[in-house]
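Each chain, written out:
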Amino acid sequence: MEEEKKLYPFRMIPIAGSEGENVQIADMGYLDSRIRNGWLAANSLSEVMDMYMDRVVGEQLFAAYGRQFPLLVRILDTETAALPLMVCPDDSTATERYDFLGKTKMWYVLSVSDDARMDLGFRDDVESAEFYAACRHGEVEPLLHSFRPKAGESFLVRPGTVHSARGVKLLEVAQSSPLDFKIFGWGKAMGGDEFDESLNLEAAFDFIDYRKYEAVQAQAPAGEGRVRLASCNLFTVTLLDLKSPLDIKPGAQNGFSAYTCIKGSAMVRPPKGENEIEAAALKEGESVIVPAEVGEFFLVPASGDTVLVESIVQNVTGLN
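Residues numbered from 1 in each chain as written. Predicted model: local features only at pLDDT ≥ 70, side-chain atom pairs only at ≥ 80, totals over all residues. Heavy atoms only, no water.

## Quick look at the nonpolar core
Right, so step 1: With 40 residues, the main nonpolar core has F10 and F69 as its most contacted residues.
Right, so step 2: Broken down by element, this core gets its largest block of residues, four residues, from helix α1 (residues 45–52).
Right, so step 3: With residues up to four places along the chain from it excluded, the contact list for F10 reads I35, N37, L40, V48, S287, V288, I289 and P291.
Right, so step 4: Listed in part, the 23 residues of the second largest apolar core include L85, A94, V162 and L199. (Core = buried A, V, L, I, M, F, W, Y, C linked by side-chain atoms within 4.5 Å. Buried < 20%, exposed > 50% of the residue type's maximum accessible area, 1.4 Å probe, protein only. Helix = DSSP H or I, 4+ residues; strand = E, 2+ residues; numbered from the N terminus. Contact = heavy atoms within 4.5 Å.)

Given below as structure tokens:
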């Protein structure tokens with residue numbers, strides 16, 4: 001009987017989307033990442049999940065999510081085209097109405113232009129009818145909590161929070177869901193290139209949070225060379241300033257890790273002596289998934305200015 005091959009760090013092939021979207025990791029049926037390296041090269045993430053299930057994400061996450069890989073990672077460049085004003089549902093609403101996960105997001109600001117702007121929630125409490133009328137008459141901007149973001153800032157975008165960005169390059173880490181409801185296009189028509197044209201203002205009307213926006217959290221140190229960018233009951237995102245090799249021991253996490261390189265380059269390799277697991281190169285603008293089966297591994301900088309973003313999905317026993 002042939003010995004079962006062990007899984008290894010997957011280098012993912014980025015997918016160039018429309019208007020500045022670069023999809024790093026996705027398992028959403030209509031949008032599915034593929035593996036670049038090793039004996040699973042050219043397989044899609046959904047195919048690998050169908051074949052290897054809990055070996056990829058760990059037993060606890062598989063019990064919670066099944067064959068759905070739970071993480072979506074994208075780079076969004078809004079310098080030439082603003083993101084429409086959007087809102088996302090929570091898991092309960094999304095599952096009941098659309099049979100998808102809801103969508104909580106983390107936005108990390110990679111760079112900004114001179115006219116950069118971000119919208120998160122409302123400046124003050126608003127009435128739903130007032131917001132609806134403002135969208136219909138193109139007068140929504142005065143109602144929004146708008147500000148100029150800075151490179152290096154991060155924001156946790158909760159379900160129900162209206163949000164948009166322009167003149168900003170963002171790394172987005174989110175639940176694996178296509179449910180971005182486009183509710184205002186800044187004068188641009190939102191048409192057939194969207195996932196579903198029915199994901200609009202009318203459909204989102206009853207789950208928008210119309211209260212004054214309150215920031216969820218601030219960044220926090222998380223150890224030497226680490227900054228916690230976002231943490232919630234669904235995922236934790238950490239910035240790693242990788243000056244020297246870092247020994248990663250998943251331990252109680254018992255799940256997968258994902259790394260996106262935003263500066264420099266690195267190697268993801270197993271401990272010495274475990275030659276059956278091949279190392280994976282990680283370059284700027286690329287992402288790697290380290291399956292749960294890999295266990296301990298090392299992140300090794302290949303240049304002196306390497307910065308990675310680590311994304312870990314929590315061991316949930318149920319969805320919110």
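## A short note on the pairing of strand β14 (residues 235–242)
Right, so step 1: Extensive coverage of β14 is indicated by the burial of seven of its eight residues.
Right, so step 2: As paired elements, strand β13 (residues 226–231) and β14 share five bridges and run antiparallel to each other. Within the sheet, the bridge partner assigned to A230 lies in β14 and is V237.
Right, so step 3: If you look at the hairpin formed by β13 and β14, you'll find three residues sitting between the two strands.
Right, so step 4: In this sheet, strand β21 (residues 306–313) lies alongside β14 in antiparallel orientation, the contact comprising eight bridges. Following the sheet pairing, L240 is matched in β21 by L308. (Pairing = 2+ DSSP bridges.)

## Re the sheet that holds strand β1 (residues 10–13)
Right, so step 1: As summarised here, the arrangement of the eight strands in space is β4-β1-β19-β16-β21-β14-β13-β12, forming an open sheet in which the pairing is antiparallel. Edge positions in the sheet fall to β4 (34–35) and β12 (220–221), since each has one partner strand and no second.

## What to know about the packing of aromatic side chains
Right, so step 1: Enumeration according to the criterion identifies 14 aromatic pairs in this entry.
Right, so step 2: Each ring, one from Y259 and one from F297, has its centre 6.0 Å from the other, and the planes form 75°; the classification is edge-to-face. With Y259 in strand β16 (residues 257–263) and F297 in strand β20 (residues 297–301), this pair connects stretches of sequence that are 38 residues apart.
Right, so step 3: In this structure Y259 comes out as buried when scored by relative accessible area, which is 0%.
Right, so step 4: Grouping aromatic residues by their ring pairs yields a cluster made of F122, F131, Y132, F205 and Y210.
Right, so step 5: The ring of W186 carries R117 above its face, with NZ or CZ at 5.1 Å from the centroid. (Phe/Tyr/Trp six-rings, centres within 6.5 Å; stacked < 30°, edge-to-face > 60°. Lys NZ or Arg CZ within 6 Å of the ring centre and 35° of its normal.)

## Overview of the pattern of salt bridges
Right, so step 1: With the rule as written, the count across this model stands at 19 salt bridges.
Right, so step 2: With a closest N to O distance of 2.5 Å, R55 and E293 form a salt bridge. Placement of R55 in helix α2 (residues 54–57) and of E293 in the loop between β19 (287–290) and β20 is noted, with a sequence separation of 238 residues between them.
Right, so step 3: Accessibility expressed as a relative area gives 15% for R55, which makes it buried.
Right, so step 4: Note on E293: relative accessible area 25%, which makes it partly exposed.
Right, so step 5: One salt bridge in this structure joins E172 and R74, with 2.8 Å as the shortest N-O distance. You can see E172 sitting in strand β10 (residues 163–175) and its partner R74 sitting in strand β5 (residues 71–77), a full 98 residues away along the chain.
Right, so step 6: Classification of R74 as buried rests on a relative accessible area of 10%.
Right, so step 7: Through salt bridges with shared partners, a single network forms among E21, R74, K103, K105, E172 and D180. (Salt bridge = Lys/Arg side-chain N within 4 Å of Asp/Glu carboxyl O.)

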